[in-house]
Amino acid sequence: DRSVVDRVELSLFYDEEEKEPRSNDFYDRAAQVVGEAAHLDTDLEKIRYVHDHLVDTVDYTLSKVGYGADSAVLEGEAVCSGYAMAFSYYMRQVGIPVA
């Protein structure tokens, strides 16, 4: 179940016919990371796992599409907000509250 808080809003740079498959790709790919993190014992281990995953798989970019969590997860490129949105999404999925 994806509540409003747990949904990812895709960048404005994609037209309507691209959004649904892109959204599905995002949730599928993110589920793999969430599944790995969810099996860890402590919140600190989950946080560290997600942090390390993002550091290892996402490059900083100045691209206009790098502003969302989808860019970080799907393209492996993001600006600061893309990193932050991806991290926040992962944390909420493993039950760690974020602002």
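How each quantity is defined
Residues numbered from 1 in each chain as written. Predicted model: local features only at pLDDT ≥ 70, side-chain atom pairs only at ≥ 80, totals over all residues. Heavy atoms only, no water. pLDDT = per-residue confidence, 0-100. Helix = DSSP H or I, 4+ residues; strand = E, 2+ residues; numbered from the N terminus. Contact = heavy atoms within 4.5 Å. Salt bridge = Lys/Arg side-chain N within 4 Å of Asp/Glu carboxyl O. Buried < 20%, exposed > 50% of the residue type's maximum accessible area, 1.4 Å probe, protein only.

**Observations regarding the confidence of the model for the protein chain**
- Model confidence for the protein chain is summarised by a mean pLDDT of 86, while 84% of its residues fall at 70 or above.
- Across the protein chain, helix α2 (residues 43-57) holds the top mean pLDDT of 98, while helix α1 (residues 16-38) sits lowest at 89.
- For the stretch residues 1-5, pLDDT sits under 50, and the model shows 3 contacts to residues farther than four places along the chain or on other chains.

**Examining the pattern of salt bridges**
- Going through the model one piece at a time under the given rule, you end up with 2 salt bridges.
- A salt bridge links D70 to R22; the shortest N-O distance between them is 2.9 Å. In this pair, D70 is assigned in helix α3 (residues 69-75) and R22 in helix α1, connecting sequence segments 48 residues apart. Of the two residues, D70 and R22, neither departs from the other in class, the shared state being buried.
- Among the ionic pairs, R22 bridges to E75, the shortest N-O distance being 2.7 Å. A residue pair is termed long-range when its members are at least 10 positions apart, and R22 in helix α1 and E75 in helix α3 qualify at 53 residues.

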